[in-house]
Amino acid sequence: MIGNVSRLHTINRSSLVCSLKFKSSFHNLTTTTPPSPPPLEEDDAAGLCNLILKLDLQTLSQNLETNSVCWTPDLVNKILKRLWNHGPKALEFFRLLERHPIYTHSTTSFDHAIDIAARLRDYKTVWTLVARMRKRRLGPNPKTFAIITERFVSAGKPDKAVRVFLSMHEHGCQQDLNSFNTFLDVLCKSKRAEMAYNLFKVLKRRFKADTISYNIIANGFCLIKRTPRALEVLREMVESGLEPTLKTYNIILNGYFKAGQIKEAWQFFLEMKRRKCVMDVVTYTTMVHGFGVSGEIQKARQVFDEMLETGILPSVATYTAFIQVLCKKDTVENAIVVFEEMLKKGYTPNSTTYSVLIRGLCHVGKMDKAMEYLDRMKQDECEPNVQIFNVIIRYYCDEGEIEKSLEVFERMGSGECLPNLDTYNILISAMFVRKRSDDLMVAGKLLIEMVDRGFVPRKFTFNRILNGLLLTGNQDFAQEILRAQSKCGRLPRHFRL
DNA sequence: TTAGGGTTAG
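Reading the values: the criteria
Residues numbered from 1 in each chain as written. Chains lettered and ligands numbered in written order. Predicted model: local features only at pLDDT ≥ 70, side-chain atom pairs only at ≥ 80, totals over all residues. Heavy atoms only, no water. Helix = DSSP H or I, 4+ residues; strand = E, 2+ residues; numbered from the N terminus. Rg over C-alpha atoms; globule rule 2.2 N^0.38 Å. Contact = heavy atoms within 4.5 Å. Areas by Shrake-Rupley, 256 points an atom, 1.4 Å probe, with all protein chains shown as cover. Lys, Arg positive; Asp, Glu negative; His and termini not counted. Charge placed at Lys NZ, Arg CZ, Asp CG, Glu CD. pLDDT = per-residue confidence, 0-100. Core = buried A, V, L, I, M, F, W, Y, C linked by side-chain atoms within 4.5 Å. Buried < 20%, exposed > 50% of the residue type's maximum accessible area, 1.4 Å probe, protein only. Near = heavy atom within 4 Å. Polar contact = N/O pair within 3.5 Å; in protein donor to acceptor, adjacent residues only side chain to side chain. Nonpolar A, V, L, I, M, F, W, Y, C, P; charged D, E, K, R; others polar.

(A) Summary view of the overall build of chain A. Each helix and strand counted, chain A has 28 helices and 0 strands in total. Radius of gyration (C-alpha) of chain A: 26 Å, near the 23 Å computed for a compact globule of 497 residues. Its C-alpha atoms put chain A at 75 × 55 × 50 Å along the principal axes. Residue pairs at least 24 apart in sequence account for 63% of intrachain contacts in chain A once pairs closer than 6 positions are excluded. Carbon and sulfur atoms make up 52% of the accessible area of chain A, which amounts to about 24,200 Å² in all. For chain A, the distance from the average position of its 70 positive side-chain charges to the average position of its 54 negative side-chain charges is 7 Å.

(B) Representation of the confidence of the model for chain A. Chain-level pLDDT for chain A is 89 on average; 90% of the residues reach the 70-or-more range. Confidence drops under pLDDT 50 across residues 1-42; counting only partners more than four residues distant or on other chains, this segment forms 75 contacts.

(C) Seen up close, the nonpolar core. Membership of the largest hydrophobic core comes to 159 residues, with the highest contact counts inside it found for Trp71, Ile79, Leu357, Ile358 and Ile392. The element that contributes the greatest number of residues to this core is helix 23 (residues 386-398), accounting for 9 residues. Contact partners of isoleucine 358, with chain neighbours within four places excluded, come to Ala370, Tyr373, Leu374, Met377, Ile388 and Ile392.

(D) Representation of the protein's contact with DNA strand B. In the region of DNA strand B, 37 residues are neighbours, and Asn250, Ser315, Gln324, Arg359 and Asn385 sit closest. Among the atoms of DNA strand B lying within 4 Å of the protein, the sugar-phosphate backbone contributes 47%. Taking histidine 289, its side chain carries an N or O atom lying 2.8 Å from a phosphate oxygen of DNA strand B. Asparagine 350 places a side-chain nitrogen or oxygen 2.5 Å from a base nitrogen of DNA strand B. Secondary-structure elements contributing two or more residues to the surface near DNA strand B are helix 11 (177-189), helix 13 (211-223), helix 15 (246-258), helix 17 (281-293), helix 19 (316-329) and helix 21 (351-363). By residue number, the principal contributor to the surface near DNA strand B is helix 19, which donates 7 residues. Classifying every residue of the surface near DNA strand B by side-chain character gives 11 nonpolar, 20 polar and 6 charged.

Quick look at the structure:
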């Protein structure tokens, strides 16, 4: 186990040096110049990310100013996206590049940086960036405000989000029906349909609410399983002279399934048919998924076949939905049959498709097969996302294969895909299963690393590790943990280190 | 990034 502790030290660090593709200008960073460095492709965001992760602030600063990388908004955005789960580094990179002699940031890069800062709950930086955007006449735009309000809502500050939305114009960005609808959607997606509806009532005349506004609210009520409320809103819509669209019907259909009203969903579907309502791929995908989730695989299959007969082409989402329900309520073998069938028909599965299949395989303990599909993704040039890695790590942990889960974690750290809050939580919890003191050290290191990356662990996590360290007489490391805890403001106010 | 379908777990 000691091996693991020391291995963790090297995550994201030593192995990167070898795998990095250096460009001439980066050579002076290293004490020993690699013999014949392969050229760095202009587009090698992954290589640059590894470099950015590895370097300290000063070295990075010198390099961003003097290197000969041809910065483009596209490259910068790719890097910011890759550094998503290392917010402090991402912002450091963004700020340093702001001082670049020639390159200037684009609107979308500003939006990304604002999103990252807001996710770190660093609102001071958020508003500084907004002001800077405005000064450079790059915005802020409606999307900027969609980002900021969404972050406030998900941080549990919907009232603040409302105030921000209402004050958009003070930052030089006018509100219109689009931004109003976007904001209603932000509230609804975070299950605050009632709040959205109240705001809607006050502002619907001012913004001339349309079908989209009503659909958003109805969908919001469906998301919290309140189909009757959704229907009321739609009645109101019709009374105000607006016609429901196919999207409206699809929202209700999905709402019935979400609320477990399978019979109602089926009746609604039949009613749509009776009224000769033109259905689309979304209608059918909703039906396949809805029936499947409720365990009615035969019905799901029947609807799927009917869809083909009607001449409506399934989408990747339809196949994904079907594969998922087969994994959950049928057998993973049958899911694989559909997966192969999909390939044969020329569809390209995306990361969601792989995700449901890999999850299904993990669930029945076929970890090796799951790992095969993970590799297959790469061959298909479909980058595995953090959720997929988390699934694999979680199931390895559940099976007691801690070493294997750490191996996967290491693979992530070496540039493939940075771990997120869930990854750290899953692994840290797993470190308490075997009750080994080495595992405790790993947990501590993971905790420190996650704090460095801008994540805020729960108090419970800190206490658990601190108690363990104090019990095993590891005072020094406990101090280090306490410093990390104070860094992210999780220490009691009068606590002194 | 103006609305609807497919990743999460008991």
